[in-house]
Amino acid sequence: MSDSKIYRYLDSEKKWGLDPEGYLVNQSEWSDTVANLMAKEEGLPLTPAHWEIIEVVRAFYQRYEMAPAMRPLVKATKNALGEEKGRSIYLMQLFPGSPAKRIARLAGLPKPTNCL
């Protein structure tokens, strides 16, 4: 989304611009720090379980050049982390609301296609 306009900044130093839906305007600026700031803003402390999923989604993006919608997210998680973690209920518990959108945002990726 490097062609989007900045709607607001994630921090007071105006380092990281966000679009109106809270996605990074410049994906290359993503870092663990950015993810933690975004999660803190959402009231979601990132645990090792969260980071596992973020890493799966970033690897998916690197391979397919798109953030996964829910079904591909579940399948990718199942393939990478096993049957127990590759379930939509597990993802919804970690990332309440819309897991695919929330994980993509925290992973510094564009909004997944087919997500409302």
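Right above here is the structure, for reference.
Residues numbered from 1 in each chain as written. Predicted model: local features only at pLDDT ≥ 70, side-chain atom pairs only at ≥ 80, totals over all residues. Heavy atoms only, no water.

Chemist: Even after reading the chapter, I still don't get the overall build of the protein, so can you show me in this structure?
Modeler: From N to C terminus, the protein includes 5 helices and 2 strands. Helices and strands in the protein line up, N terminus first, as β-β-α-α-α-α-α. A compact globule built from 116 residues should have a C-alpha radius of gyration of about 13 Å, and the protein, at 13 Å, falls within 12% of that. When its C-alpha atoms are laid out on the principal axes, the protein stretches across 40 × 25 × 25 Å. Nonlocal contacts in the protein, meaning residues at least 24 apart in sequence, comprise 49% of its contacts between residues at least 6 apart. Per element, the accessible surface of the protein, about 6,900 Å² overall, is 50% carbon and sulfur. If the 16 positive side-chain charges of the protein are averaged to one point and the 14 negative ones to another, these points end up 5 Å apart. (Helix = DSSP H or I, 4+ residues; strand = E, 2+ residues; numbered from the N terminus. Rg over C-alpha atoms; globule rule 2.2 N^0.38 Å. Contact = heavy atoms within 4.5 Å. Areas by Shrake-Rupley, 256 points an atom, 1.4 Å probe, with all protein chains shown as cover. Lys, Arg positive; Asp, Glu negative; His and termini not counted. Charge placed at Lys NZ, Arg CZ, Asp CG, Glu CD.)

Chemist: What should I look at first to understand helix H3 (residues 70-81) in this one?
Modeler: It helps to recall that an α-helix has 3.6 residues per turn; residues three or four apart then point in one direction. Its 12 residues give H3 an end-to-end C-alpha distance of 16 Å, which sits within 8% of 16 Å, the value for a rise of 1.5 Å per residue. Turning to H3, its buried residues are Leu 73, Val 74, Ala 76 and Thr 77. Viewed end-on, H3 has its buried residues packed into an arc of 165°, placing them on one side of the element. Exposed positions of H3 whose direction lies more than 90 degrees from the buried face are Arg 71, Lys 75 and Asn 79. In this structure, the buried residues of H3 make contact with helix H2 (48-64), helix H4 (88-94) and helix H5 (99-106). (Expected span 1.5 Å × (residues − 1). Buried < 20%, exposed > 50% of the residue type's maximum accessible area, 1.4 Å probe, protein only. Arc of directions from axis to C-beta.)

Chemist: Could you clarify how one ought to interpret unusual backbone geometry in this entry?
Modeler: For residues that are not glycine, phi is negative in most cases, and the peptide bond is trans in most cases. For Lys 14, which is not a glycine, the phi torsion comes out positive at approximately 55°. Looking at Lys 14, the relative accessible area reads 57%, which means it is exposed. One non-glycine residue, Glu 65, adopts positive backbone phi at about 60°.

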